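# Geometric and topological summary
Spelled out, the chains give:
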Amino acid sequence: MVGPARRIRSVLGLSCLLCGKLYPAEEVDYVCPDHGGAATLSVAYDYEYLATLTSPEQICGDPDSSIWRYRHLLPVHPEADAPPLHVGGTPLLPARVLGEGLKVNLWVKDEGRQPTASLKDRASAMAILKAQEKGADIITAASTGNAGAALAALSAAAEIPSVIFVPATAPQPKVAQLLSFGATVALVNGSYHQAFDLCLWASEEYGWYNRNTGFNPYMTEGKKTVSYEIWEQLGSQVPDVVVVSVGDGSIIGGVHKGFSDLQKLGWTDRVPRLIGAQAAGSSYMVQAWKNAEDLMTKPPILADTVADSISADLPRDRFKAMAAVTDTGGAFVEVSDSQILSAMVTMGQRMGVFAEPAAAAAMAGLRVARWEGLVEEGERVVVISTGNGLKDIDAAMRAVTESGEGPLMVDPEIEALADRLAAHFLDT
């Protein structure tokens with residue numbers, strides 16, 4: 001354990017997803033001791049008490065647009081200082097053209113507007129507060145890039161050193177972010193799965209605070225704030241369906257927790273169906289869901305996809321991800337790399353959202369879900385775009401090239417330009 005933690009009045013404890021055992025939050029840091037680290041814990045709340053602390057009216061009237069407008073619904077002390085960077089408050093954009101094509105009412109939640117351009121900033125903001133609460137000197141994480149960048153930036157702002165374990169195959173823009181924020185970066189000649197295991201060892205050996213999702217239960221609490229925002233932005237209503245890409249399973253687990261909180265508080269009467277989109281080359285959850293496989297015994301796969309942020313041999317938050325789908329009557333769908341790249345171009349051209357491959361996988365997943373009848377005509381759907389396309393420029397260039405889009409090569413003469421433009425617009 002990193003250090004002692006003070007009790008938070010609204011938190012009943014940490015509940016094991018497998019055995020249901022409830023632990024005092026001050027006694028357990030990360031996972032249920034009875035399952036060898038295989039099962040993540042979930043923060044359990046006293047919802048009756050929470051409802052006395054705040055209300056929808058109070059939240060909607062709060063001028064603070066960051067995730068800390070939901071402070072009373074989070075496992076943090078009321079007097080805790082939020083990290084300096086502004087996290088949260090991302091736009092929910094109407095996607096009229098794309099929605100008409102799919103015959104649904106569609107919005108896109110653009111998490112690429114976060115300070116490090118991904119939804120992972122939400123979890124890392126929570127990690128900073130919990131690390132400070134524990135008095136940790138160093139905070140660490142394993143990452144394919146986004147979670148690490150989020151942690152590195154927020155750690156830098158809070159003046160806490162960070163150590164990030166990253167597969168050496170991670171896109172260079174993501175590694176550049178880590179280094180620019182001053183993190184100690186360990187490039188691992190192996191998979192994310194192997195980087196995760198090294199991070200676990202180092203955090204235990206050196207007493208560093210571990211931010212890893214699928215291991216640290218508080219990361220779900222940061223990510224769930226995206227659901228609160230969607231609810232607020234839809235006029236204190238929830239959509240029929242939310243589609244999100246799935247790698248480790250931590251984001252869809254957080255989305256589920258957020259909407260479930262709202263229902264338990266009595267602020268909504270239902271939880272939307274959650275659809276998890278996985279790349280065909282990293283479809284662990286799709287396989288497990290379709291074949292009703294045991295998540296405790298199902299072995300890792302060998303993941304390989306252009307969407308590095310959702311490439312996972314063994315999803316660490318698989319239990320929360322499966323619960324998110326099964327508890328809401330949702331589904332897992334599989335999308336190919338070509339469908340992901342196509343969705344990147346479509347989102348850019350049709351609504352001006354620049355999505356990285358992992359983010360575009362959710363839009364590709366919605367298309368598949370419509371074809372398979374998992375989403376009905378006229379339903380209200382939110383696609384969560386989890387990260388910005390600048391995270392992976394190589395993939396973005398591949399996407400536009402494969403779509404037939406590309407720059408116009410023009411000679412430096414007016415006549416040549418006029419001829420080229422005439423030919424181009426005549427062709428289109």
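The notes below deal with the structure included here.

Calculation criteria
- Numbering of residues starts from 1 in every chain and runs along the sequence as written.
- Local features in this predicted model are restricted to residues of pLDDT 70 or higher, and side-chain atom pairs are both shown and tallied only at a pLDDT of 80 or more, whereas totals for entire chains, interfaces and linings draw on every residue.
- The basis for the side-chain values is all heavy atoms of the structure; hydrogens and waters are excluded.
- Any Lys or Arg side-chain nitrogen located within 4 Å of an Asp or Glu carboxyl oxygen qualifies as a salt bridge.
- Segments assigned H or I by DSSP are reported as helices when at least four residues long, segments assigned E as strands when at least two residues long, and all are numbered from the N terminus.
- Only protein chains enter the calculation, and the probe is 1.4 Å; a residue is then buried if its accessible area is under 20% of its type maximum, exposed if over 50%, and partly exposed in between.
- A pair of strands is considered paired only if DSSP assigns at least 2 bridges between the two.
- Within this analysis, patches are made of residues with over 30% relative accessible area and no salt bridge. Like charges are joined at 9 Å or less; nonpolar side chains (Val, Leu, Ile, Met, Phe, Trp, Tyr) at 5 Å or less.
- Note on areas: Shrake-Rupley, 1.4 Å probe, and residue coverage restricted to the protein chains presented here.
- Positive residues here are Lys and Arg, negative ones are Asp and Glu, while His and the chain termini are left out of the count.
- Charge positions come from single atoms, namely NZ of Lys, CZ of Arg, CG of Asp or CD of Glu.
- Comment: arc refers to directions from the helix axis out to C-beta atoms.
- Should any heavy atoms of two residues lie within 4.5 Å, those residues are counted as being in contact.

### Re the pattern of salt bridges
Under the counting rule described, the total for this entry stands at 20 salt bridges. The salt bridge involving Asp197 is made with Arg316; its shortest N-O contact spans 3.0 Å. Here Asp197 is found in helix α7 (residues 192-206), whereas its partner Arg316 is found in the loop between α11 (284-291) and α12 (318-328), with 119 residues between them in sequence. Overall, the relative accessible area of 36% leaves Asp197 in the partly exposed class. The class for Arg316 is buried, based on a relative accessible area of 12%. Connected through shared salt-bridge partners, Lys109, Glu111, Arg122 and Glu229 make up one network.

### Observations regarding the sheet that holds strand β7 (residues 162-167)
Here four strands make up an open sheet; going across it, the order is β8-β7-β6-β9 and the pairing parallel. Each having just a single partner strand, β8 (184-188) and β9 (209-210) make up the two edges of the open sheet.

### As for a negative patch on the surface
Taken together, Asp411, Glu413, Glu415 and Asp419 make up a surface patch of like negative charges. Here Glu413 is to be found in the loop between α15 (393-402) and α16 (414-427). Residue Glu413 is classed as partly exposed on the basis of its relative accessible area of 41%.

### Focus on helix α6 (residues 172-180)
Given 3.6 residues per turn, any residue in an α-helix points the same way as the ones three and four places further on. Buried within α6 are the following residues: Lys174, Val175, Gln177 and Leu178. Viewed end-on, α6 has its buried residues packed into an arc of 155 degrees, placing them on one side of the element. In this structure, α6 carries Gln172, Leu179 and Ser180 as exposed residues pointing more than 90 degrees from its buried face. Contacts from the buried residues of α6 go to α5 (146-158), β7 and β8. Following α6 by one or two positions, Gly182 adopts a phi angle in the positive range, close to 85 degrees.

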